[in-house]
Amino acid sequence: MPNKNAIGYRPTWAEVNLDHLEHNFKEVKSLLRPQIEVLVTVKADAYGHGLVAVAKRLVACGVDYLGVASIDEGIELRKAGIKIPILVLGLMLKKDIQPLFTFQLIPTICDKKMAVALNTLAVELKQRIPVHIKVDTGMGRIGVLHDDAFKLVTDIHKLKNIQIQGIFTHFALADLDRKFTARQINLFNKLVGDLKKNNILIPLVHAANSIGLIRHRNSHFTMVRPGLVIYGLYPKKNLGINLKPVLSLKTRVVFIKQVGSGYGISYGLTYTTKRATRIVSLPVGYGDGYPRNLSNLAWLLIGGRRFRISGRICMDQMMVDVGNFKPKIGDEAVLIGKQGKQQVTAEELADLSGTISYEIVCGLASRIPRIYK
Ligand SMILES: *Cc1c(COP(=O)(O)O)cnc(C)c1O
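Residues numbered from 1 in each chain as written. Predicted model: local features only at pLDDT ≥ 70, side-chain atom pairs only at ≥ 80, totals over all residues. Heavy atoms only, no water.

Asks: Provide a residue-level description of the overall build of the chain, including the pertinent values.
Replies: Across its full length, the chain carries eleven helices and 21 strands. Over its C-alpha atoms, taken along the principal directions, the chain stretches across nearly 80 × 55 × 35 Å. By the burial criterion, 53% of the 373 residues in the chain qualify as buried. For the chain, contacts bridging at least 24 residues in sequence account for 65% of all contacts bridging at least 6. Carbon and sulfur atoms form 53% of the exposed surface of the chain, whose accessible area is close to 17,300 Å². (Helix = DSSP H or I, 4+ residues; strand = E, 2+ residues; numbered from the N terminus. Buried < 20%, exposed > 50% of the residue type's maximum accessible area, 1.4 Å probe, protein only. Contact = heavy atoms within 4.5 Å. Areas by Shrake-Rupley, 256 points an atom, 1.4 Å probe, with all protein chains shown as cover.)

Asks: Residues and numbers for the site of the ligand, please.
Replies: The immediate surroundings of the ligand are formed by Thr41, Lys43, Tyr47, Arg141, His170, Asn209, Ser210, Arg225, Pro226, Gly227, Leu228 and Tyr358. Within the side chain of His170, an N or O atom sits 3.5 Å from a nitrogen atom of the ligand. In isolation the ligand exposes 390 Å². Once the protein is present, 92% of that is buried. Of the residues in the shell around the ligand, the class split is four nonpolar, five polar and three charged. (Near = heavy atom within 4 Å. Polar contact = N/O pair within 3.5 Å; in protein donor to acceptor, adjacent residues only side chain to side chain. Nonpolar A, V, L, I, M, F, W, Y, C, P; charged D, E, K, R; others polar.)

Asks: Give a description of helix H1 (residues 18-29) that names residues and reports values.
Replies: Between its first and last C-alpha, H1 extends 16 Å over twelve residues, near the 16 Å set by a 1.5 Å rise per residue. Buried within H1 are the following residues: Leu18, Leu21, Asn24, Phe25, Glu27 and Val28. Along H1, the residues classed as buried sweep out an arc of 170° about the axis, all on the same side. As for H1, its buried residues are in contact with strand S1 (12-16), strand S2 (37-41), helix H3 (51-61), helix H9 (210-215) and strand S21 (370-372). Capping the start of H1, Asn17 holds a side-chain oxygen 3.0 Å from the backbone nitrogen of Asp19, two or three residues further along. (Expected span 1.5 Å × (residues − 1). Arc of directions from axis to C-beta.)

Asks: Give me the lowdown on the environment of Gly193, citing residues and values where you can.
Replies: Take Gly193: it is sitting in helix H8 (residues 178-197). Distance in space between the C-alpha atoms of Gly193 and Arg217 is 18 Å, their sequence separation being 24 residues.

Asks: Run through the side chain of Glu15, naming residues and quoting values.
Replies: With respect to the helices and strands, Glu15 occurs in strand S1. In terms of polar contacts, Glu15 uses its side chain to reach the side chain of Lys250, at 3.1 Å. In contact with Glu15, not counting residues within four places along its chain, are Val246, Leu247, Ser248, Lys250, Ile371 and Lys373.

Just distances and angles here, no functional claims.
Structural data, given as C-alpha cells:
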C-alpha cells in the first residue's frame, strides 16, 4: 500500500523553509559589492537541510557556485539536473578522478602529483579541466603551505590541459582573532599579487566563509564561500545581520500519563517527579541525531510553552514533565523552531550540548523526513 502520509507513519519531521533560505542569501548578497561571486557550501546534505532541494532553490536565487565535500555529493547534484559550476572542496585519490570529467566537477588541488594526473587524463580525453588551488595560510588543513604556493602555481600553470580557474584559502580564527585573520589575508594577498606580476591571472580568488565575509570585508576578493549564514544560523552573536533559521524540528505528543510524586523517569532514573504530574512521551531521540547529552537540560515547546526534557533521552523517545499542563495526543512539540511567541534555536541547543550549531543540524538523522515549504 502506498504511504499517503508525506512524513511516514512516525510524526517526527524537519521543516525546511526555502523562503528563509532565499532571504538569507539576499541578506548575504547585500553585504557584497555586486561583482563578487557567491559559492554556497551545500556539503553534508546541505548542512542537514537536504542537498538537492536546497541547491535547486539557490540556483533559482542566482547563486554562482556550489561547494561540496566529495565527488559523490557533486554527482548527486548533477543527477538532479543542477548545471551550475560545482567545486569539490575536499580531496580525492588519484584513482578516483575520472568522474570529475564525466560529471564536470571542479577539483581542489594542493600538489603537483594530482595536477599531473589530472592533466594526463585531460590530454587523453582531449579536454581542459578547471581547478582551484588551495593554499594553507594558517589553518593547517589541506592546502599547499603558503611558502611553497608560488612555485606550485607556476608549475601547474605550465600544464596545458589544466585551467587554474581559482585559488583559495581558509580562515582558522575568523570568529576569534582579527589579527591572525588579517595575517592570513595578507599572506594570501601577497601570493595573488606575486602571481599577477608573473602574468598568472586567476579569475576566482576566495577566502571568506560566513563569519569571514561578515567580519573581514577585505577578505571578499572575487568570490565568497558562505555556508552557515545561508541556513539562517549565526556563527556568533551580535553580527548586525538579520537571518531567518531555515530548519525546524518537530514531533507530536504520542502518550500522556499521570504519575505520582517521587516517580523516576527513563534509563538511570535521573529525573524524579517532585509532585503528582503529567509525563508526555515524544517519538524522537538520539537515534534522530538529537544529542543525548541534552538529557535533563534542553527545552522544547508544547502548547506555546517551554518545557525541559525530563530524564535521559532514549534512542527513539524522550519524556517531558509538563506539570498541570494538559496537552492532547497529537499536539505538536517543537524541538528546534518557533511555537507561538517561544523559540528554541539550534545555537541554544549547541551551547547546552557543548558543540556548535553546525553539528546540531548536520547530525539530524536521515530517517527524519525533510518537508519543504
Ligand atoms: C564549509 C566550508 C565553508 C563554509 O563555512 P561556513 O562557516 O559554514 O560559512 C567555506 N569554505 C570551506 C573550504 C568549507 O569547507
